[in-house]
Each structure stands twice: as C-alpha cells, then as structure tokens.
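Spelled out from the first residue to the last, the chains are:
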Amino acid sequence: MRRRTLLTAGGALLGTGALTAAGWPLLSDYAREGRPGKVLTSKAPLPAPFRTPLPVPRVLRPTSTSATTDTYDITQQHAELEILPGLRTKAWTYGGTFPGPTIVSRSGRRTVVRHRNELDHPSVVHLHGGHTPAASDGYPTSLILPANGTYDAQRVHQDMNSGPHGASMAHHAMDLAEATRTYTYPFDQRAATLWYHDHRMGYTGAAVWMGLAGFHLVHDDEEQRLPLPQGDRDIPLMIADRSFAADGSFQYPWLDPQLHTPGVTDPYMNGVLGDVILVNGAPWPVHQTQRLRYRLRLLNASNARTYRLQLDPQPPGGNALVQIGSDGGLLDSPRAHDTLDIAPAERYDVVIDFSRYRPGTRVRLLNLHGDGSTAQVMRFDIASGSPRDDTTVPDRLSTVPPLDPTRAAVTRDFHFTGSDAGWTINGTAYQPGRALARPTLGQTEIWRFTTNFHHPVHLHLNHFQVLSRNNREIGPQDHGWKDTVDLRPAEAVEVVTRFTDYAGTYMLHCHNLEHEDMAMMADYTTQ
Ligand code: C2O
Ligand code: CU
Ligand code: CU
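These numbers were taken from a predicted model, which means no experiment stands behind them.

1. Some words on the sheet that holds strand 19 (residues 286–289)
Strand order in the open sheet formed by five strands is 19-27-26-21-24, with mixed pairing between adjacent strands. Among the strands making up the open sheet, the edge pair consists of strand 19 and strand 24 (339–342). Mean inter-strand twist for the sheet, computed between neighbouring axes without regard to direction, equals 20°.

Put into structure tokens, the structure is as follows:
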C-alpha cells in the first residue's frame with residue numbers, strides 16, 4: 001500500500017498504516033482521505049450497541065384533506081427524550097420526537113404544512129429535495145419567530161450579524177413570520193425520499209444537531225406498480241451522529257451557548273462529529289428481520305460525518321446493497337454495491353435480500369470510515385424460517401432521460417474553498433440577497449464544482465445528473481437524479497440540470513452544516 005500523508009485543514013500531518021489491537025485502522029480512511037470534522041467526545045457513558053430496537057418515525061396524519069390538498073400541522077417544541085438509556089436529552093423537535101414525524105405525500109397532490117414555532121429561537125423549514133416555489137423553500141432569512149414573543153426584527157439582526165461568522169445583512173430585507181408559517185408543496189415531482197430540516201442562517205448546524213430533522217416521502221403510481229418491498233419492509237433510516245454531555249443533553253461546540261452568536265469554536269470549524277451513531281434517533285439499534293427483501297431508505301442527516309456503509313458479514317457473492325434509488329427517486333435500473341459512501345444529506349434507496357443469509361445470522365451495518373464507536377451503525381438480526389417472498393427487484397425500474405450536456409446554454413463555475421477565515425464559494429462568504437447566478441428557467445446548464453477540500457454540494461429547486469468527476473467517468477453511486485454530490489479534495493465535478501417552473505431565489509451550498517453556517521452558501525435566482 002502506498003503510504004500517503006496529507007495536511008488536514010486543522011494543520012496536522014497524518015500518516016497511515018497502523019492498526020489498533022482490535023484491528024481497526026488507527027487512522028481510519030476517514031482521516032487519510034482528509035475528511036472533514038473533529039470528534040466531540042461524549043461525557044456520558046456510551047451504551048452497549050445493538051440493545052435498542054430500531055424505532056420507525058410515526059407517519060403524520062393530515063389535519064384536513066380536500067380533493068387536491070392535504071394539510072398538516074407541526075409544532076416545533078422542546079421535548080425530553082430518552083436516547084441514552086436512563087438519561088434525558090432535551091431536544092428541539094418537530095412535534096415532540098426525533099426524528100420528526102414522517103410526512104407521506106402523493107406526487108401531483110398539494111401538501112400544505114403549517115409550522116408553529118414554540119422553541120426559544122427563530123426557525124426556518126426547508127424541504128430538502130423538494131421542487132418547491134421560492135416562497136416555501138425555506139430561504140435562510142425567511143424566519144418563523146418564536147411564539148413566546150422574545151424576538152423582533154432588531155434581535156434577529158443582532159443574532160445574525162454578531163460574532164466572527166456573522167453575515168453582512170445591511171441591505172437585506174428579511175421575511176419574518178410571527179409564530180407560524182405555512183409552507184405549500186405542489187409535489188409536481190416523482191417519487192423520492194426527501195427530508196425536512198431547519199435552515200436558519202448561521203444556526204442550521206446547531207438546530208439540526210438539536211433535533212430538527214424528519215423524513216418526507218413522495219410516492220407515485222409508477223413506483224407503486226413495482227413489486228418492491230412495501231409496508232413494514234420499506235423503512236426510512238436516518239443516520240446521524242451526536243455527542244452527549246454527562247447529564248444526557250446534546251453537546252455541541254457553540255461559540256455562544258445562548259445562541260445569539262452564530263458559529264462553533266475554532267477546533268470544530270471544519271465540522272462537528274459525534275461519537276454516538278443514531279439511527280432514527282436510537283444509538284446503534286437492532287432490527288429483527290425476516291428472511292425476505294427489505295427496502296431501506298438511507299439518509300445521512302449528520303452535520304459533517306460521511307460514512308462508508310457495508311454489511312458484515314456480507315452474503316455469499318457480495319453485492320448486498322442493491323441500489324434502486326438516489327436523492328431524486330428511482331434509478332433506471334438497479335445497481336448492486338458492496339459498499340456505499342454517503343455524505344451529509346445524501347439518500348440511497350437500497351433493497352437488501354436477507355434470505356441470502358442463514359437463519360439466525362446477525363448482520364452488522366458497518367461504517368468503514370469510522371473508528372471505534374463510530375465504526376458500526378446498527379444490526380439486523382435475521383429470524384429463522386423461510387417465508388415466501390413475493391417481491392422482486394425488476395431490471396427496469398424507471399426511466400431517467402439523460403440531460404444532453406451538448407445542449408447546455410451556459411457553463412458556470414463554483415469554487416468551494418476553506419481557509420482559517422471561513423468557507424467561501426467563488427471567494428465570497430454568503431451574503432443574503434446577492435445572487436451568484438441567474439439561470440433562465442427551462443434552459444439546460446452545466447454547473448462545475450471545484451474544491452480544495454471535502455464538501456457535499458447541494459442544490460435547491462431541481463435535481464441534477466452528475467456528468468463527470470475530474471473529467472472522467474462518474475462513480476458507481478453517481479447515477480440517477482441527485483441533489484447533493486460529494487466533492488473530494490481537489491476534485492472537479494460537473495453536473496447538468498435544468499431549472500424549471502419557479503422563478504425566485506434559491507440556495508447552492510455545502511451541506512457540511514458547519515461549513516454552511518460559516519458562509520459556504522450562495523443565492524442563485526431563477527428567472
Ligand atoms: Cu438540506 Cu439547503 O439544505
Ligand atoms: Cu435542499
Ligand atoms: Cu464544505
């Protein structure tokens with residue numbers, strides 16, 4: 001193996017090669033590849049893995065439905081959760097749980113979600129992966145002020161402008177809603193695994209870490225006709241790392257624990273990593289599975305951690321993770337993988353056939369990018385018996401018409417750079433109201449992302465197709481419609497997209513939430 005060393009953003013020179021007594025790489029791939037972030041070590045004792053049954057977030061019932069529209073109500077509220085056995089964790093929640101309730105929508109039917117903010121700080125709701133009119137997209141200064149009346153426009157300005165990472169809001173008119181805001185989602189888009197999360201300028205990392213994230217699934221007729229696993233064999237898995245204080249509360253390295261100044265302390269500027277891996281809010285859970293096919297909708301909702309997922313043991317012949325979908329819904333045909341790399345905000349829809357294992361096998365989901373406690377994610381305990389499986393993964397899943405890059409009207413370049421001064425796109429820190437691009441609706445465009453470091457780059461409004469990595473062919477996981485693409489250090493990634501339907505201002509940003517909060521974000525305005 002070639003010995004590699006590299007300079008991390010933290011400045012330390014890393015070498016490779018050593019193994020711990022337990023056989024884990026001393027400096028994991030994670031460090032070797034210059035992956036972002038620093039582990040914030042928990043002070044609470046870590047629980048033994050594979051004791052907690054996997055929770056599945058409840059599906060939210062609509063408050064009302066009409067011929068065209070389903071309306072939901074969510075209250076953003078404090079809640080005390082038992083995440084670590086015997087300890088209480090104060091969380092910021094959608095409706096009292098972490099993850100928040102899952103919303104299930106139908107393509108072509110309008111969904112309206114009314115959010116009420118009973119937290120102590122302003123909030124913003126973004127539907128990640130939604131093809132959403134700008135007014136409902138969760139622009140980072142389109143705030144819902146807390147219902148307790150503690151915030152006015154002046155307080156909001158102070159909280160965003162203060163501190164080393166504060167933004168220049170001088171000429172920006174904010175859009176403030178008192179206590180509640182109504183988000184309207186037309187869902188003129190195909191079936192996909194979406195998620196909703198907080199997006200408040202300067203405070204997204206803190207708010208998501210505290211618990212503001214949930215699934216929003218879209219179904220359509222095409223997907224429903226496929227013989228894929230459904231019901232309790234179609235499971236969304238929100239993977240997120242956290243760290244815990246001695247009393248069980250979430251630990252986060254905020255500059256200001258009162259949250260009137262954005263940003264984290266210097267050592268964590270490159271991303272906050274926890275040492276506890278939660279799946280659907282439970283630490284290293286275990287799930288009892290039949291010897292049948294399961295559809296798992298994997299979401300990495302971590303602030304900064306990337307994972308390389310692999311089953312252990314692998315079934316005979318490997319290729320256990322049969323990918324059927326990506327961020328933007330079904331692939332054209334399934335693609336089998338031994339490992340899946342998943343960066344913050346990415347989704348992979350996979351089918352695992354547990355009948356490939358002998359009865360009673362305990363199958364761990366590993367994270368090959370992790371070390372020690374973060375090297376494993378959850379476990380599947382396989383029951384005995386050979387139930388009949390009437391599901392299959394068809395060779396043809398959907399059609400993904402390729403966007404033709406030779407028809408692109410414009411190619412735009414976006415350079416993502418980190419330095420001690422903060423994180424920038426094209427040399428500028430985020431400033432609300434300043435658009436870095438003005439795409440014309442309906443026009444095909446190539447967007448070229450380059451970077452000096454690791455950045456999961458995310459685009460609002462429309463999904464894209466990855467065209468190339470470093471001018472070479474795309475990776476095995478880059479197929480289909482995506483809205484987030486992971487850039488590795490010194491990489492250039494080209495994507496092709498067409499912005500459609502909605503004129504207005506949207507976001508392009510790094511989805512490492514600490515990078516995002518420290519200004520690696522840009523507006524673009526469609527017209
Ligand atoms: Cu998931 Cu603009 O974010
Ligand atoms: Cu988004
Ligand atoms: Cu980044």
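Let's pick the thread back up.
2. Notes on the sheet that holds strand 18 (residues 282–283)
Read across the sheet, seven strands follow the order 18-17-15-20-25-22-23 without closing on themselves; strand pairing throughout is mixed. Lying at the two open borders of the sheet, with one neighbouring strand each, are strand 18 and strand 23 (329–337). The pairing of strand 22 (residues 321–326) with strand 23 spans five bridges and is antiparallel. Across the sheet, residue Leu321 finds its bridge partner in strand 23, namely His337.

3. Description of the environment of Ala435
Tracing the backbone through its elements, the reader meets Ala435 in strand 30 (residues 435–437). A relative accessible area of 21% places Ala435 in the partly exposed class. Once residues within four sequence positions are removed from consideration, Ala435 is found in contact with Asp523, Tyr524 and Thr525.

4. Quick look at the coordination of the copper ion (ligand 3)
On the protein side, the copper ion (ligand 3) has His455 (ND1), Cys510 (SG) and His515 (ND1) as donor atoms, found 1.9 to 2.1 Å from it. Taken in chain order, the donor set of the copper ion (ligand 3) reads H-x54-C-x4-H. Each member of the pair Cys510 and His515 is classed as buried.

5. A look at helix 2 (residues 153–161)
Among the residues making up helix 2, those that are buried are Val156, Asp159 and Met160. All buried residues of helix 2 project into a common sector of 95° when viewed along the axis, lining one side. After helix 2 finishes, the residue Gly163 shows a positive phi value of roughly 80°.

6. Comments concerning the pairing of strand 31 (residues 444–451)
A large share of strand 31 lies buried, amounting to six of its eight residues. In this structure, strand 31 lies alongside strand 35 (residues 492–498), joined through seven bridges in antiparallel fashion. Bridging from a neighbouring strand, Phe449 pairs with Val493 of strand 35.

7. Quick notes on unusual backbone geometry
In this structure, Pro99 follows Phe98 across a cis peptide bond, with omega equal to -5°. Mapped onto the elements of the fold, Pro99 is located in the loop between strand 6 (89–94) and strand 7 (103–106). In this chain, Asp312 is followed by Pro313 through a cis amide linkage whose omega measures 0°. Structurally, Pro313 is set in the loop between strand 21 (307–312) and strand 22. We note that Asn319 has phi near 55°; this positive angle belongs to a residue other than glycine. Here Asn319 is to be found in the loop between strand 21 and strand 22. Using a relative accessible area of 38% as the deciding quantity, one classes Asn319 as partly exposed. At Asn470, a position not held by glycine, the phi torsion is positive, near 50°.

8. Some remarks on the nonpolar core
Counting 110 residues, the largest nonpolar core has Trp447 and Phe449 as its most contacted members. With five residues, strand 15 (residues 234–242) is the single largest residue contributor to this core. Of the domains in this structure, domain 1 (64–216) and domain 2 (405–526) are the two that each give at least three residues to this core. Residues in contact with Trp447, not counting those within four places in the same chain, are Arg412, Phe414, Ala437, Pro439, Leu459, Val493, Glu494, Val495, Phe499, Leu508 and Tyr524. Membership of the second largest hydrophobic core comes to 14 residues, among which are Tyr151, Val156, Ala167 and Met174.

Rules behind the numbers
Residues numbered from 1 in each chain as written. Chains lettered and ligands numbered in written order. Predicted model: local features only at pLDDT ≥ 70, side-chain atom pairs only at ≥ 80, totals over all residues. Heavy atoms only, no water. Pairing = 2+ DSSP bridges. Helix = DSSP H or I, 4+ residues; strand = E, 2+ residues; numbered from the N terminus. Axes fitted to C-alpha atoms, helices over the stretch in contact; angles between N-to-C directions. Buried < 20%, exposed > 50% of the residue type's maximum accessible area, 1.4 Å probe, protein only. Contact = heavy atoms within 4.5 Å. Donors = N, O, S within 2.8 Å, 3.2 Å for Na, K, Ca; no water. Arc of directions from axis to C-beta. Core = buried A, V, L, I, M, F, W, Y, C linked by side-chain atoms within 4.5 Å. Domains from an automatic or database assignment.

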